[in-house]
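Report on the structure
One letter stands for each residue in the lines below.
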Amino acid sequence: MGSFMGQYSTSLPVVLLICAVLLLNADLGLCGCFKRIFSFGDSIIDTGNSAYAGRNNPGPIMQSPYGMTYFHHPTGRVCDGRVIIDFYAQALGLPLLPPSMPEAATGQFPTGANFAVFGSLALSPNYYMTKYNFKMPMPWCLDLQFDSFKKVLARIAPGQAAAKSLLGESLVVLGEIGGNDYNFWFFAERSRETPEKYIPDVVARIGTGVQEVINLGAKTILVPGNFPIGCVPAYLKAFRTNNPADYDEFHCLRWFNDFSQKHNQALKQEINRLKSQNRGVKIIYADYYGAAMEFVRNPHNYGIDDPLVACCGGAGPYHTGRLCNKTATVWGDPAKFASWDQIHMTEKAYSVIADGVLNGPYADTPLLHAC
Ligand SMILES: *[C@@H]1O[C@H](CO)[C@@H](O)[C@H](O)[C@H]1NC(C)=O
C-alpha cells in the first residue's frame, strides 16, 4: 500500500479519489492506512480486559456511571465514554478494538486487539520487590501483555514470515505505560526521590518492548509519554500543600509535572536511539503531556469549566471526597470536565488528546499522516 500511494503522492486529487474509493471498502481503514491496531498499556486505554479478568467480582468500573457517555452502559473502560485508543480506531476507519483477554485463545482479531490492562506496570512487580522491597498492588505488567500478544500472534499468523507481514500492515500503540510504576509508589507515600532513580529502567523496558515488536515485523509504532500528573485531582488532593511556590500558574503541582517531564525526556531520548537503529521503521512519540496541557491552559476552548476537578466523586477539594462508583455524585455533564474519576480522564479530555496526536501538533508525525 505504501509504495502504491507513493506513486500518486504528487497528485492530491488522485490521492483523494483513491481514499474515497478505499473508504468504500469496508475492510480497509483510512486510505488503507493500517489493517489492524495492537495496543498495550494500562487503565488509560483498557477497553475491557480488567473487567473481564475480574468478572466474578465486578468492581465500580462495571457499574454506572462508568460508560454513561456514548456507550450508555459500563464497558470496562475506566471513563465516562470512549478512551484514546477508541478515537484512534475510529479516525483510522477501524472498528473499536476488542479487549484481548475474552478471546485470547480463540479470536482471529481481524482488526487488531487491545492488550492494555487496568493497573498495569511497565516493569514487572518483581523488579520493585527485589530492588526496593515494595509490593505493587496489581500483577499486570508489559511482560504479561507481551506473552499474551506473542501467543495470539503465533496462532493468527503462524511462522515468522506471516507474523512479519501481519504486523507490517498494523499500527502498534505502546502506551501510555509506566505511569503506574510511579503512581503506586507515590500514593504509598514512599520517598519521592526513589522513582527518579528508576525512570531509566522504566524507559528501558518500554524501549525493549518497541524493539521487540519491530523485530517481529512492526513498521509503525506509536509511543505515548506520561501526563502532567501534577494536574490530576488525586495527586492534587494527596500532595496538597500550603506553599504557593509548590503550584504553577495553572494551580498544578510543579514537582509532579516536572517529574512527568523527566520521564518523557528520557523516553524521547530512548525513542531517538531506537529510530537511529531501526531506519525504515516509523516510531512516533506522542506528547500526551503537551496535549493534556491544552485543556489545562485553555479549558474554555474545549467547553471545560475547571480542568482540575473530577466529574464523578464526592464533595471537598477537587471533588475527591470519595471515589467514583454507583452512589457517588456526578457533578454535571462529563463533557464539561477533564477529569472523570479523579485519576482517569473524561471522554472529552481523551478526545482532545487523541486529536492532538492524530492531526498534530502532539506527535512528531501526526498519526493520520503516518502512511
Ligand atoms: C461506593 O463507595 C462508597 C464510599 O466510597 C461505599 O460506601 C459504597 O458501598 C460503594 N457502593 C458500591 C455500590 O460499590
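Structural data are supplied above this passage.
This section reports on the structure supplied with the text.

The rules behind each value
- Residues numbered from 1 in each chain as written.
- Predicted model: local features only at pLDDT ≥ 70, side-chain atom pairs only at ≥ 80, totals over all residues.
- Heavy atoms only, no water.
- Helix = DSSP H or I, 4+ residues; strand = E, 2+ residues; numbered from the N terminus.
- Rg over C-alpha atoms; globule rule 2.2 N^0.38 Å.
- Buried < 20%, exposed > 50% of the residue type's maximum accessible area, 1.4 Å probe, protein only.
- Contact = heavy atoms within 4.5 Å.
- Areas by Shrake-Rupley, 256 points an atom, 1.4 Å probe, with all protein chains shown as cover.
- Lys, Arg positive; Asp, Glu negative; His and termini not counted.
- Charge placed at Lys NZ, Arg CZ, Asp CG, Glu CD.
- Axes fitted to C-alpha atoms, helices over the stretch in contact; angles between N-to-C directions.
- Parallel < 35°, antiparallel > 145°, perpendicular 65-115°, else oblique.
- Left-handed = near helix turned anticlockwise from the far one by under 90°.
- Nonpolar A, V, L, I, M, F, W, Y, C, P; charged D, E, K, R; others polar.
- Disulfide = S-S within 2.5 Å.
- Near = heavy atom within 4 Å.
- Polar contact = N/O pair within 3.5 Å; in protein donor to acceptor, adjacent residues only side chain to side chain.
- Pairing = 2+ DSSP bridges.

**Considerations on the overall build of the chain**
Secondary structure assignment for the chain yields 13 helices and seven strands. Relative to a compact globule of 371 residues, whose C-alpha radius of gyration would be 21 Å, the chain shows 20 Å and is just as compact. Overall size of the chain, expressed as C-alpha extent along the three principal axes, is 60 × 45 × 45 Å. Residues classed as buried in the chain amount to 55% of the 371 residues present. Intrachain contacts of the chain at a sequence separation of at least 6 include 69% that bridge at least 24 residues. Accessible surface for the chain amounts to roughly 15,600 Å². Of this, 55% is attributable to carbon and sulfur atoms. In the chain, the 30 positive side-chain charges and the 30 negative ones have mean positions that sit 5 Å from each other.

**Some remarks on the packing of helix α8 (residues 179–187) against helix α9 (residues 193–216)**
In contact at an axis separation of 10 Å, α8 and α9 are set at 165 degrees when each is read in the N-to-C sense. As judged from the angle between their axes, α8 and α9 are roughly antiparallel. As α8 packs across α9, the resulting crossing turns out to be right-handed. Contacts between α8 and α9 involve D181, Y182, W185 and F186 from the former and T194, P195, Y198, I199 and V202 from the latter. For the contact of α8 with α9, the class distribution of residues is seven nonpolar, one polar and one charged.

**Quick word on the state of the cysteines**
A covalent bond between the sulfur atoms of two cysteines is what we call a disulfide. Enumeration according to the criterion identifies three disulfides in this entry. Two residues share a disulfide in this structure: C33 and C371, whose sulfurs sit 1.9 Å from each other. One quick way to see it: the torsion about the S-S bond of C33 and C371 is about -105 degrees, and its sign makes the bridge left-handed. Taken together, the residues span a long stretch of sequence, with C33 in the loop between α2 (12–24) and β1 (36–40) and C371 in the segment after α13 (347–358) at a distance of 338 residues. Bridging C312 to C324, the disulfide has an S-S length of 2.1 Å. The sign of the S-S torsion, about 90 degrees, decides the handedness of the disulfide formed by C312 and C324: right-handed. Linking C312 in strand β6 (residues 312–313) with C324 in the loop between β6 and β7 (329–330), this pair joins segments that are 12 residues apart in sequence. By relative accessible area, C312 is classed as buried at 0%. Looking at C311, it has no disulfide partner, and the nearest cysteine sulfur is the one in C312, 6.7 Å off. Overall, C311 belongs to the buried group, its relative accessible area being 0%.

**As for the site of the ligand**
Residues in close proximity to the ligand include Q63, R322, N325 and T327, which together make up its full environment. One nitrogen or oxygen atom from the side chain of R322 is found 3.2 Å from an oxygen atom belonging to the ligand. Bound to the protein, the ligand loses 42% of the 360 Å² it would expose on its own.

**Description of the sheet that holds strand β3 (residues 170–174)**
The five strands lie next to each other as β2-β1-β3-β4-β5, forming an open sheet whose pairing is parallel. Both outer strands of the open sheet, β2 (112–114) and β5 (282–286), are each paired with one neighbouring strand and no more. Each strand of the sheet is rotated relative to its neighbour by a mean of 20 degrees, with strand direction disregarded. Taken together, the three bridges between β3 and strand β4 (residues 220–224) define a ladder with parallel strand orientation. Residue pairing for β4: V172 is matched across the bridge by I221. On top of the sheet, helix α4 (residues 84–91) reaches β1, β2, β3 and β4; it is set at about 170 degrees to β1, its chief contact.

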